[in-house]
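Structural overview for review
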Amino acid sequence: LLLGAPLVGAEDEVGIRATALSGGAPFTVYFAARVPPQMEPRPTVEWDFGDGEVSHDPRTYHTFVEPGLYTVQLTVWSADGSAQTAAVQVLAHYGG
């Protein structure tokens with residue numbers, strides 16, 4: 001599904017896969033969280049897309065409507081309350 005998609009984060013860390021990191025606004029990106037084994041079972045996931053929108057799904061779509069540079073942050077909490085974060089920047093430029 002996300003073959004060739006950029007991956008941020010080492011294997012034992014929370015990671016982000018995204019279908020694109022730049023595109024003409026508006027454009028939609030599919031994000032997938034990689035959760036390391038030590039954070040299982042049933043981690044809590046939160047995506048902050050940098051534009052006021054959030055999601056709590058491990059796999060989610062987000063549309064960047066306005067041109068700009070957005071920092072997308074993924075935070076994952078394990079059942080014991082420990083947390084890890086990862087972030088990527090997404091550029092929505094003029095001209096979709």
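Residues numbered from 1 in each chain as written. Predicted model: local features only at pLDDT ≥ 70, side-chain atom pairs only at ≥ 80, totals over all residues. Heavy atoms only, no water.

Looking at where Ser78 falls in the secondary structure, it is placed in the loop between β8 (68-77) and β9 (83-93). A distance of 2.4 Å separates the side chain of Ser78 from the side chain of Asp80, its partner in a polar contact. At 2.7 Å, the side chain of Ser78 and the side chain of Ser82 are in polar contact. (Helix = DSSP H or I, 4+ residues; strand = E, 2+ residues; numbered from the N terminus. Polar contact = N/O pair within 3.5 Å; in protein donor to acceptor, adjacent residues only side chain to side chain.)

The buried fraction of strand β4 (residues 27-34) amounts to six of the eight residues, a majority that puts the element mostly inside the structure. For strand β2 (residues 15-18) and β4, the ladder comprises four bridges, and the chain directions are antiparallel. Along β4, the bridge assignment pairs Ala18 with Phe31. Here β4 pairs with strand β7 (residues 59-64) via six bridges, running antiparallel. Across the sheet, the residue bridging to Val29 is His62, located in β7. (Buried < 20%, exposed > 50% of the residue type's maximum accessible area, 1.4 Å probe, protein only. Pairing = 2+ DSSP bridges.)

Of all hydrophobic cores here, the largest spans 22 residues; its most connected members are Phe31, Trp47, Phe64, Val72 and Leu74. Of all elements in the fold, only β2, β4, β5 (44-48), β8 and β9 reach the threshold of two or more residues within this core. (Core = buried A, V, L, I, M, F, W, Y, C linked by side-chain atoms within 4.5 Å.)

Moving on to the pairing of β8. Of the pairings in the sheet, the one linking β5 to β8 comprises five bridges and is antiparallel in character. From the neighbouring strand, Asp48 faces β8, where its bridge partner is Gln73. Where β8 meets β9, 10 bridges bridge the pair, whose relative direction is antiparallel. Across the sheet, the residue bridging to Trp77 is Ala83, located in β9. Hairpin geometry of β8 and β9 is characterised by an intervening segment of five residues between the two adjacent antiparallel strands and by a positive phi of about 95° at Gly81.

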